[in-house]
Amino acid sequence: IDNARPRRLTILGSTGSIGVNTLDVIEQLGGRDNFEVMALTGNGNLDLLAEQARRTGAKLAVTADESQYRTLKDLLSGSDTDVAAGPSGLEEAAAVDAGWVMAAIVGTAGLAPTLKAAARGADIALANKECLVSAGPLFVDAVKKGGGRLIPVDSEHSAIFQCLEQDQRHALERIVLTASGGPFRTHTREQMANVTVQAARTHPNWSMGLKISVGSASMFNKALEMIEAKHLFDVRPDQIEVVVHPQSIIHSMVGYTDGSVIAQLGVPDMRTAIGYALTYPKRPALNVDRLDFAKLARLDFGAPDETRFPALRLARTALVRGGLQGAILNAAEETAFNAFVENKIRFLDMAEVVETVMDAMVEGVPADTIADVYAADREARRKATEVIAKR
Ligand code: NAD
Ligand code: MG
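As the structure is a computational prediction, the values presented were derived from the model and not from experiment.

Taken together, 23 residues surround ligand 1, and among them Thr15, Ile18, Asn43, Glu130 and Gly209 come closest. Backbone polar atom of Gly13 to an oxygen atom of ligand 1: 3.3 Å apart, as the coordinates give it. A distance of 2.9 Å is found between an oxygen atom of ligand 1 and a backbone nitrogen or oxygen belonging to Ser17. In the complex, the protein chains occlude 85% of the 820 Å² of accessible area that ligand 1 would expose alone. Of all the elements in the fold, those that place two or more residues in the shell around ligand 1 are helix H1 (17–28) and helix H6 (129–146). Its residues assigned to classes, the shell around ligand 1 shows 11 nonpolar, nine polar and three charged.

Next comes the structure, spelled out in structure tokens:
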């Protein structure tokens, strides 16, 4: 880091899995000597948020939960950290003058603050894939208009970003997203029918938040990532492939018109992708485990099964239909996921709910404005809730 002054940054969703890893990377790269933490946000877990704010000397700490304002204020009394809460608090955090913003709030809740940060020209390190899935081209445009950079943090997209030479963009043929296959990779549909939330949240290789862990088990995470890839890299649906690779060592690949395939490899540790997004176009020195090829011995690959994992088929449908179908898939999936973890529906019901809602909303207004996206999001949630109630 060769800037004379500490670099100003904000972490939206600092108390989550990505947020905690981001603070670890910042600590590894010199902490307060090199970085000035402007704003941190969380939802629950106020003790952790307050502790992070004190440790980093953050200028602002925000809880998304309006009713928790007083509690957070008390936890931070006597510190130099300002406190805010609720949607306006999140906006305030996004508006603070930080040149780099980690977007790590989970779900659609991350869209408004991330758009705000993008509009004022911050570089966006994007972990929140839901932004791109639901608002796609509008989100990419907002970043372009703001003048900041959009740097993917999702491990697959970071890998592709690292493999994609801008000078060779004309020769890009395909993107190959790797998928671990999750905890039910070898389950039959019958076995999947009765899995528990606890089984679904146990990822074989990565340690992550609840939603993305369950999404790895259903492969809805990969479905969101296919749509994310389309918008990030401006490729056609038929240029996006998914391959099951249980070891999660190859994080994704890019295939070129000369037959070459370039892959990015590493141990499954999000800090590599976070560090890359933080120091891009340079690379940081990080204390993460190194790959030991002698111990690895083998890497396996297989075709994904769209019968057992219909999420992948639904992503293709959404990609081909375009328009608001990404927003609809995203909102229906979030609603179905919530119902699953609350034991209101079973594991395989999630995809059925999403498909029913997508099909019911094929004819829609075009995705011209963010207001269109929010309207489709609300309607898809309403319909999904209705479908869930009928089960
Ligand atoms: P997480 O559940 O661990 O953390 C989510 C963060 O968002 C927390 O700070 C939480 O307090 C906050 N939050 C939750 N609900 C909120 C709301 N309604 N309003 C405002 N803030 C809210 O999630 P995570 O695993 O860190 O994932 C964050 C994002 O990054 C997701 O979009 C996920 O898909 C993506 N991602 C995560 C990983 C990973 O390894 N964890 C990898 C790739 C992409
Ligand atoms: Mg990923």
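Next comes the rest of the account.
Before going further, it helps to spend a moment on the sheet that holds strand E11 (residues 261–265). The strand order across the open sheet built from four strands is E9-E8-E10-E11, with neighbouring strands paired in mixed fashion. Edge positions in the open sheet fall to strand E9 (240–244) and E11, since each of these has one partner strand only. When the angles between neighbouring strand axes are averaged without regard to direction, this sheet yields 20°. Bridge count between strand E8 (residues 172–179) and strand E10 (residues 250–256): four bridges; the pairing is antiparallel. By the bridge assignment, Leu172 is partnered in E10 with Tyr256. Strand contacts of helix H7 (residues 155–163): E8, E10 and E11, with the helix running at about 40° to E10, the strand carrying the most contacts.

With an omega of 5°, the peptide bond between Tyr280 and Pro281 qualifies as cis. Its location among the elements puts Pro281 in the loop between helix H12 (270–279) and helix H13 (293–296). The phi dihedral of Asn45 falls on the positive side, at around 50°, and the residue is not glycine. Positionally, Asn45 belongs in the loop between strand E2 (35–42) and helix H2 (46–56). Located in the positive-phi region is Met219, a residue other than glycine, with phi close to 65°. Along the chain, Met219 turns up in the loop between helix H10 (210–218) and helix H11 (220–233).

Quick look at the packing of aromatic side chains now. This model, assessed by the stated rule, comprises five aromatic pairs. In textbook terms, an aromatic cluster arises when at least three aromatic residues are bridged by ring pairs, as seen for Phe161, Tyr276 and Tyr280.

Each assigned domain of the protein is listed with its residue range as follows: domain 1 (7–152) and domain 2 (166–266 + 305–389). Taking the mean C-alpha position of each, domain 1 and domain 2 sit 25 Å from one another. Between domain 1 and domain 2, the residue contacts involve 19 residues of the former and 24 residues of the latter. Carbon and sulfur atoms supply 68% of the area that domain 1 and domain 2 bury against each other, a total of about 1,700 Å² over both sides. Joining domain 1 to domain 2, the criterion identifies two salt bridges. In this structure, Glu130 and Lys211 form a salt bridge, with 3.1 Å as the shortest nitrogen-oxygen distance. Seen at the junction of domain 1 and domain 2, the total is seven residue pairs in polar contact (both at pLDDT 80 or more).

Moving on: the coordination of the magnesium ion (ligand 2). Surrounding the magnesium ion (ligand 2) are the protein donor atoms Asp154 (OD), Glu156 (OE) and Glu225 (OE), which sit 2.1 to 2.2 Å from the metal. Here the donor residues of the magnesium ion (ligand 2) are spaced in sequence according to D-x1-E-x68-E.

It is worth spelling out the environment of Asn128 at this point. Mapping Asn128 onto the fold places it in the loop between strand E6 (123–126) and H6. Judged by its relative accessible area of 2%, Asn128 falls in the buried class. Along the backbone, Asn128 and Ala95 are 33 residues apart, and their C-alpha atoms lie at a distance of 18 Å. When near neighbours in sequence (up to four residues on either side) are disregarded, Asn128 contacts Ala103, Ile105, Val106, Gly107 and Gly110. Within the structure, the side chain of Asn128 is placed 2.8 Å from the backbone oxygen of Gly107, a separation counted as a polar contact.

Across a sheet, strands are paired by hydrogen bonds formed along the backbone, either parallel or antiparallel in direction. If you walk across this open sheet you meet the seven strands as E4-E3-E2-E1-E5-E6-E7, and the pairing is parallel. This sheet does not close on itself; its edge strands, each paired only once, are strand E4 (82–85) and strand E7 (150–152). When strand polarity is set aside, the average angle formed by the axes of neighbouring strands in this sheet is 20°. Of the strands in this sheet, strand E1 (7–12), E2, strand E3 (60–63) and E4 are in contact with helix H4 (residues 86–95), which crosses E3 at around 145°. The sheet contacts of helix H5 (residues 111–119) involve E1, strand E5 (100–103) and E6, and relative to E6 the element is tilted by about 150°.

Another aspect to go through is the nonpolar core. Within the largest apolar cluster, 131 residues are counted, with the highest numbers of intra-cluster contacts made by Met102, Ile124, Phe139, Phe233, Phe347 and Val357. Residues lining this core come from more than one domain, with at least three contributed by each of domain 1 (7–152) and domain 2 (166–266 + 305–389). Dropping the residues within four chain positions of it, Phe347 is found in contact with Phe184, Met192, Ala193, Val195, Ala200, Ala217, Ser218 and Phe340.

The next thing to look at is the environment of Pro304. Summarising the element assignment, Pro304 is placed in the loop between H13 and helix H14 (310–321). Put simply, Pro304 and Val243 are 61 residues apart on the chain and 6.1 Å apart in space, counted from C-alpha to C-alpha. Those residues in contact with Pro304 that sit more than four places away from it in its chain are Val242, Val243, Val244 and Leu312.

Rules used throughout
- Residues numbered from 1 in each chain as written.
- Chains lettered and ligands numbered in written order.
- Predicted model: local features only at pLDDT ≥ 70, side-chain atom pairs only at ≥ 80, totals over all residues.
- Heavy atoms only, no water.
- Near = heavy atom within 4 Å.
- Polar contact = N/O pair within 3.5 Å; in protein donor to acceptor, adjacent residues only side chain to side chain.
- Areas by Shrake-Rupley, 256 points an atom, 1.4 Å probe, with all protein chains shown as cover.
- Helix = DSSP H or I, 4+ residues; strand = E, 2+ residues; numbered from the N terminus.
- Nonpolar A, V, L, I, M, F, W, Y, C, P; charged D, E, K, R; others polar.
- Pairing = 2+ DSSP bridges.
- Axes fitted to C-alpha atoms, helices over the stretch in contact; angles between N-to-C directions.
- Contact = heavy atoms within 4.5 Å.
- Phe/Tyr/Trp six-rings, centres within 6.5 Å; stacked < 30°, edge-to-face > 60°.
- Domains from an automatic or database assignment.
- Buried area = accessible area lost by both parts, 1.4 Å probe.
- Salt bridge = Lys/Arg side-chain N within 4 Å of Asp/Glu carboxyl O.
- Donors = N, O, S within 2.8 Å, 3.2 Å for Na, K, Ca; no water.
- Buried < 20%, exposed > 50% of the residue type's maximum accessible area, 1.4 Å probe, protein only.
- Core = buried A, V, L, I, M, F, W, Y, C linked by side-chain atoms within 4.5 Å.

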